Amino acid sequence: MARTLSLPSKPKQSASKKAVRPVVTKKVTKAPAKASKPVKREVVKKAPVKKAAPKKAVTPRKTAPISKAPAKAAKAVAKPASPASKASTDWSKDPFNAKLKPAEKVSFLREMLRIRRFEQQALKHYNNGAMGGFLHLYIGQESVAVGTASLMNGQDEIITAYRDHGHALAVGMGMNECMAELFGKGTGCSKGKGGSMHFFAPDKHYWGGHGIVGGQAPLGMGLAFALKYKGIKGCAIAFLGDGAVNQGVFSECLNMAALFELPIVFVIENNGYSMGTSLERSSAIRHSLASRAEGFDVDWSLCGGFDLYELRANLGAVMEKARTKFRPHVLEVSTYRYYGHSVADANAKKYRSPEEIERYKTEFDPITLWEKQLLKEKVITEDGIEKINSEAKAEAATAAEFAIASPWPSEESIFEDIYHEVDHQTEAGQTGRHFFSE
Ligand SMILES: Cc1ncc(C[n+]2csc(CCOP(=O)(O)OP(=O)(O)O)c2C)c(N)n1
Ligand SMILES: [Mg+2]
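What counts and what doesn't
- Residues numbered from 1 in each chain as written.
- Chains lettered and ligands numbered in written order.
- Predicted model: local features only at pLDDT ≥ 70, side-chain atom pairs only at ≥ 80, totals over all residues.
- Helix = DSSP H or I, 4+ residues; strand = E, 2+ residues; numbered from the N terminus.
- Buried ≥ 20, exposed ≤ 12 C-beta atoms within 10 Å, placed from the backbone.
- Contact = placed C-beta atoms within 7 Å.
- Near = placed C-beta within 6 Å.
- Nonpolar A, V, L, I, M, F, W, Y, C, P; charged D, E, K, R; others polar.
- Axes fitted to C-alpha atoms, helices over the stretch in contact; angles between N-to-C directions.
- Parallel < 35°, antiparallel > 145°, perpendicular 65-115°, else oblique.
- Left-handed = near helix turned anticlockwise from the far one by under 90°.
- Core = buried A, V, L, I, M, F, W, Y, C linked by C-beta atoms within 7 Å.
- pLDDT = per-residue confidence, 0-100.
- Pairing = 2+ DSSP bridges.
- Right-handed = clockwise from strand over helix to strand, strands pointing away.

Undergrad: Help me understand the overall build of the protein chain in this model?
TA: The secondary structure content of the protein chain amounts to 16 helices and seven strands. Each of the 438 residues in the protein chain was classed as buried or not, and the buried ones make up 45%. Sequence separation of 24 or more characterises 75% of the internal contacts of the protein chain that already satisfy a separation of 6 or more.

What follows is the structure in structure tokens.
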């Protein structure tokens, strides 16, 4: 049957005339949004938009140079955010950092070292064939998880993707339960049934650990909705990668976060690569992924993730805004992973050059930078650093021993912890017939 096409009716208001919420960043190099006017929200009276803090310089990521011929990309050395750009702002004086006690600063170092030593220990055993499944290492990105956890107020909730070990340890999960999970043992945090991608600790406000790229974004929205619904003064933080922003669901989330005025911060951990695909090859807009938020009336900004002070200053402010003003925010954080996408990534050195990796390691390693900072401030000595480092190594080795000595999950346990047992107290739910044919 022939179909009649109807022409779209004339829009009442042209899109270009719609006011755009001001951008909370300064150094956007490419065509920033047209003159930002504060949005006149029709429905909502609270949460007046806070104008961008103009003093806060940002260090937009400069990833591997854009290459029209992708094959050549691997040869180019990335130009990360230069130290010069950071020098313009003394982030240590920011309100979120100025009152930090020396012991807290040292504890950040300890947490970053614990994550690194934990993963190095895990890598050793993975390479020996002791673990099944994937192992996505967070090494190089530790400052992001540690900085975030340090800002959580006891009511904030966080959720991330499969690169989840760092966030887990940072929020206070034990190395034993995490290592045992990697080994698939019954003593693991997910009883050995989740593996590397599925660390969870709801009691520590940590909701995993998700293997579906971008899937954690709508789940994070649920956390934010629950906080607002229950009147809890907290925010939800949903981490996602530079690849995950291309998932359609992220756009849906932005729209809904703005509509519902949810207390959520999306933290894009931009490590420059989505598996073996560089940012330059995966995003048409390269200067900033966070700027996509503008199309949804959501605030956004950029910040360097290598320096803990910088991260805390930027993230602390937007978390507070989410908690108190119900303003969602997208914060894009530049960071870098030293290893491949997962340990099984055979091409880890093909889509980026060894020089690029080396440059990040020598110039932008978050642990080295923080050590230097603490030495400069005289809150720790070289010996003090070495002691913390040795303790972290020993703790990781003990965790591996614990995991090796732990029992495997029982066969029956495969039928346990299936959500319908709790949610649907029906006969079918009890017997598992929703999922398994008998
Ligand atoms: C829906 C979906 N599509 C594809 C994949 C395969 N996949 C796993 S990780 C990944 C790349 C994601 O990269 P990014 O978001 O930048 O995170 P990063 O690994 O850098 O932390 C892809 C495509 C998946 N797990 N889920
Ligand atoms: Mg990535």
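That covers the picture; the talk isn't over yet.
Undergrad: What's the story with the site of ligand 1 in this structure? I'm lost.
TA: The immediate surroundings of ligand 1 are formed by 13 residues, with Val-213, Gly-241, Gly-243, Ala-244 and Ser-274 found nearest. Tallied by class, residues from the shell around ligand 1 come to five nonpolar, six polar and two charged.

Undergrad: Explanation requested: the packing of helix H4 (residues 102–127) against helix H14 (residues 382–405) in the structure shown.
TA: Relative orientation and spacing of two packed helices are given, respectively, by the angle between their axes and the distance between those axes. At their nearest, the axes of H4 and H14 sit 8 Å apart, and the two run at 40° to each other. Judged on the interaxial angle alone, H14 and H4 are oblique. As for the relative orientation of H4 and H14, their crossing is right-handed in sense. Facing H4, whose interface residues are Leu-109, Arg-110, Leu-113, Arg-114, Arg-117, Phe-118, Gln-121 and His-125, H14 presents Ile-388, Asn-389, Ala-392, Lys-393, Glu-395, Ala-396, Ala-397, Ala-399 and Ala-400. Taken together, the residues of the contact of H4 with H14 break down into nine nonpolar, three polar and five charged.

Undergrad: Where do I start with the nonpolar core in this structure?
TA: If you look at the biggest cluster of nonpolar residues, it comprises 96 residues, and the most contacted ones within it are Cys-178, Met-179, Leu-240, Ile-264 and Val-265. Here this core takes nine residues from helix H11 (residues 308–325), the largest share from any one element. With residues near it in sequence (within four places) discarded, Cys-178 still touches Phe-118, His-165, Ala-168, Leu-169, Met-173, Cys-189 and Phe-199.

Undergrad: Explain the pairing of strand E6 (residues 299–304) here, please?
TA: Every regular strand shows the same layout, with side chains that alternate between the two sheet faces. Taken across its six residues, E6 has six buried, putting it largely inside the fold. Burial along E6 is two-sided: Asp-299, Ser-301 and Cys-303 facing one way and Trp-300, Leu-302 and Gly-304 facing the other are all buried.

Undergrad: What is the right way to look at the confidence of the model for the protein chain in this model?
TA: Low-confidence regions, as indicated by low pLDDT, have predicted coordinates that should not be scrutinised in detail. Of all residues in the protein chain, 75% attain a pLDDT of 70 or more, and the chain-wide mean is 82. Segment residues 1–86 is flagged for pLDDT under 50; beyond a separation of four residues in sequence, or across chains, it makes 128 contacts in the model. In this model, residues 433–438 is a region of pLDDT below 50 whose contacts with residues beyond four sequence positions or in other chains number six contacts.

Undergrad: Would you mind showing me how to read the pairing of strand E3 (residues 264–270) here?
TA: Among the seven residues that make up E3, seven are buried, leaving the element largely enclosed by the rest of the structure. Residues of E3 alternate between two faces, with Ile-264, Phe-266, Ile-268 and Asn-270 on one and Val-265, Val-267 and Glu-269 on the opposite face, all of them buried. Relative to E3, strand E2 (residues 236–241) is paired through six bridges, and the arrangement is parallel. For Leu-240, the partnering residue across the bridge sits in E3 and is Ile-268. Each parallel crossover has a hand, and for E2 linked through helix H9 (residues 248–260) to E3 it is right-handed. Bridging between E3 and strand E7 (residues 329–334) involves six bridges; their strand directions are parallel.

Undergrad: Is there a simple way to think about the sheet that holds E7 in this case?
TA: Sheet strands associate in pairs through backbone hydrogen bonding, adopting either a parallel or an antiparallel arrangement. One open sheet accounts for five strands, arranged E1-E2-E3-E7-E6; its pairing is parallel. If you trace the sheet from one side to the other, it starts and ends with strand E1 (157–159) and E6, each paired once. Pairwise comparison of adjacent strand axes, ignoring direction, gives a mean angle of 20° for this sheet. Of the strand pairs in this sheet, E6 and E7 are connected by six bridges, and their pairing is parallel. Residue pairing for E7: Ser-301 is matched across the bridge by Leu-331. In the packing of helix H8 (residues 216–230) onto the sheet, the strands contacted are E1, E2 and E3, and the crossing angle to E2 comes to about 170°.

Undergrad: Looking at this structure, how should I read the packing of H8 against H9?
TA: The geometry of H8 relative to H9 is characterised by a closest axis approach of 9 Å and an angle of 15° between their N-to-C directions. With respect to each other, H8 and H9 are oriented roughly parallel. Crossing of H8 over H9 shows left-handed handedness. Listed contacts from H9 to Ala-217, Pro-218, Met-221 and Phe-225 of H8 are Val-249, Phe-250, Cys-253, Met-256, Ala-257 and Phe-260. Each residue belonging to the contact of H8 with H9 can be placed in one class, and the counts come to ten nonpolar, no polar and no charged.

Undergrad: Sorry if this is basic, but what is going on with the environment of Ala-224 here?
TA: Assignment of secondary structure puts Ala-224 in helix H8. Ala-224 sits in the buried class, given 29 other C-beta atoms within 10 Å. Residue contacts for Ala-224: discarding those within four places in its chain leaves Cys-235, Ala-236, Leu-262, Pro-263 and Ile-264.

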